[in-house]
Amino acid sequence: MKIKVKVAPKEHKEFILKGEYIRLDDLLKNVGVVNTGGHAKIIIQDGEVKVNGEVCTMRGKKIRSGDTVKIIGGDEVTVC
């Protein structure tokens, strides 16, 4: 017996930056990838977030225009 699992499609989101930068944990909350700062902290510290292709474990990382944030196995956000 085979079981089929339907996986939700990954989304590509864009975030328009209003200042010079936004902290990584704040970005994840603002685009709806996580619901709380605690959840953002957990996935960042667990190495589940890449910034510009490299795993980032600093929740206070400054994300600037042109950066790309990807949740491993999930959404991708481009900062404009």
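Remember, it's a predicted structure, so these values are computed and weren't measured experimentally.

A. Spotlight on the overall build of the protein. Scanning the protein from terminus to terminus reveals two helices and seven strands. Taking all 80 residues of the protein together, 32% fall into the buried category. For the protein, long-range pairs separated by at least 24 residues make up 46% of all intrachain contacts whose partners lie at least 6 apart in sequence. Total accessible area on the protein is roughly 5,600 Å²; 49% of this is exposed by carbon and sulfur atoms.

B. Local environment of the pairing of strand β6 (residues 68-71). In β6, alternate side chains face the same way, and those of Val69 and Ile71 are buried while those of Thr68 and Lys70 on the opposite face are not. For strand β3 (residues 49-51) and β6, the ladder comprises three bridges, and the chain directions are antiparallel. Note on β6: the bridge partner recorded for Val51 is Val69. The hairpin turn running from β6 into strand β7 (residues 76-79), its antiparallel successor, is four residues long, and Gly73 in that turn takes a positive phi close to 80°.

C. How the structure looks around the pairing of strand β1 (residues 12-15). Side chains Lys13 and Phe15 project from β1 onto a buried face, and the interleaved His12 and Glu14 project onto a face without burial. In terms of strand pairing, β1 meets β7 through four bridges, oriented parallel. Bridge assignment links Glu14 to a residue of β7, and that residue is Thr78.

D. Examining the pattern of salt bridges more closely. By the definition in use, this model includes five salt bridges. In this structure, the salt-bridge partner of Asp25 is Arg23, at a minimum N-O distance of 2.9 Å. Notably, a salt bridge pairs Asp26 with Lys29, separated by 3.6 Å at the nearest N-O pair. Note that Asp26 and Lys29 are positioned in helix α1 (residues 24-30) at a spacing of three residues, about one turn of the helix. On the basis of relative accessible area, Lys29 is assigned to the partly exposed category, the value being 35%.

Each value, and the rule that gives it
- Residues numbered from 1 in each chain as written.
- Predicted model: local features only at pLDDT ≥ 70, side-chain atom pairs only at ≥ 80, totals over all residues.
- Heavy atoms only, no water.
- Helix = DSSP H or I, 4+ residues; strand = E, 2+ residues; numbered from the N terminus.
- Buried < 20%, exposed > 50% of the residue type's maximum accessible area, 1.4 Å probe, protein only.
- Contact = heavy atoms within 4.5 Å.
- Areas by Shrake-Rupley, 256 points an atom, 1.4 Å probe, with all protein chains shown as cover.
- Pairing = 2+ DSSP bridges.
- Salt bridge = Lys/Arg side-chain N within 4 Å of Asp/Glu carboxyl O.

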